[in-house]
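# Structure assessment
Residue-level listing of the chains:
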Amino acid sequence: MAGTAHIHGTSAPAHHDADGSAGVPGDATGRADLLTSVLARAREEGRAALVGYLPAGFPTVDGGVAACTALLAGGCDVVEVGLPHSDPVLDGPVIQTADDIALRGGVRIADVLRTVREAHAATGAPVLVMTYWNPVDRYGPERFAAELAAAGGAGCILPDLPVEESAAWRKSAEHHGLATVFVVAPSSRDERLAKITAAGSGFVYAASLMGVTGTRASVGGQARDLVTRTRAVTDLPVCVGLGVSDRAQAAEVAGFADGVIVGSAFVKALLEHGDDLDAGLAAVRHLAGELAAGVREG
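Taken N-terminus to C-terminus, the directions of helix α11 (residues 264-271) and helix α12 (residues 277-297) make an angle of 150 degrees; their axes are 8 Å apart at the nearest point. Accordingly, the angle class assigned to the pair α11 and α12 is roughly antiparallel. Judged by the sense of rotation from one axis to the other, the crossing of α11 with α12 is right-handed. Contacts between α11 and α12 involve A265, F266, A269 and L270 from the former and G280, L281, A283, V284, L287, A288 and L291 from the latter. Counted by class, the contact of α11 with α12 contains 10 nonpolar, 1 polar and no charged residues.

In structure tokens, the structure reads:
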């Protein structure tokens, strides 16, 4: 899951230069501090945080901005904006479908950054980018970090960047006030968990089971064990993703994790309403509200 240094298939528009990069200050400061405070506040309230995910450019760039804003308005504490990729290693069929729609629509990195900027500006909530390493590497890690910080981003989730190859990125991210979130899996040995979490910041993304994203009937016991083992080696919040799709599952995971990450269920809610964006946004807000109630029950 996190052992491939590079992703191929980079012919899509989102993987190349983008508009709107001129004039970005080299000392732009991101909002890693905001992410930390929001997660801490949820803990003080005795609940897990709710983290929602949607890819940028889906169903359109404007629609994606509205959808990410709807997640936060509906009850999510944090949102992850996905950078669509043509060869994902973590994403299941639902998110792959959304990514394909976004890529065919010509989404660019500038559109991802715009989504971050507008969702954060509209809500004041922490917004991260979730991306594979290859697009960042080709764009330029320092440039990407500076532009993400200038957009008000809180950080970046990099599921396929090995910690051994992450020093340059982490230096840029730290300089620009961005969190670097790494993914751990049930297959990660304890010594590996310690190494990954020592390099990360913001929170730890714990994959609930081996495999790709997608809704599942049960999140399973592997997630609880992984959270326990991860907490033994770090003080960072541990947020669980891959599989949560309804209020009951959110409550289950919230009972042992610091955060509950939901992606495919939100994407599915939009896909099911096709071209009716208003209905899709209403479905997203409703689901966010249900999941937010779930994390309070955990």
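Sheet architecture is open: 9 strands sit in the order β5-β4-β3-β2-β1-β9-β8-β7-β6, paired in parallel fashion. If you trace the sheet from one side to the other, it starts and ends with β5 (179-181) and β6 (183-184), each paired once. Of the pairings in the sheet, the one linking strand β2 (residues 78-82) to strand β3 (residues 127-130) comprises 4 bridges and is parallel in character. For V79, the partnering residue across the bridge sits in β3 and is V127.

So, about the packing of aromatic side chains. Applying the stated criterion to the full structure yields 3 aromatic pairs. Between F144 and W169, the ring centres sit 6.3 Å apart and the planes meet at 55 degrees, which makes this aromatic pair tilted. Here F144, found in helix α6 (residues 141-150), pairs with W169, found in helix α7 (residues 167-175); they are 25 residues apart in sequence, far enough to count as distant. Residue F144 is classed as buried on the basis of its relative accessible area of 1%. In textbook terms, an aromatic cluster arises when at least three aromatic residues are bridged by ring pairs, as seen for W133, Y139, F144 and W169. R143 extends its terminal NZ or CZ atom over the ring of Y139, reaching a point 3.9 Å from the ring centre.

What counts, and at which threshold
- Residues numbered from 1 in each chain as written.
- Predicted model: local features only at pLDDT ≥ 70, side-chain atom pairs only at ≥ 80, totals over all residues.
- Heavy atoms only, no water.
- Axes fitted to C-alpha atoms, helices over the stretch in contact; angles between N-to-C directions.
- Helix = DSSP H or I, 4+ residues; strand = E, 2+ residues; numbered from the N terminus.
- Parallel < 35°, antiparallel > 145°, perpendicular 65-115°, else oblique.
- Left-handed = near helix turned anticlockwise from the far one by under 90°.
- Contact = heavy atoms within 4.5 Å.
- Nonpolar A, V, L, I, M, F, W, Y, C, P; charged D, E, K, R; others polar.
- Pairing = 2+ DSSP bridges.
- Phe/Tyr/Trp six-rings, centres within 6.5 Å; stacked < 30°, edge-to-face > 60°.
- Buried < 20%, exposed > 50% of the residue type's maximum accessible area, 1.4 Å probe, protein only.
- Lys NZ or Arg CZ within 6 Å of the ring centre and 35° of its normal.

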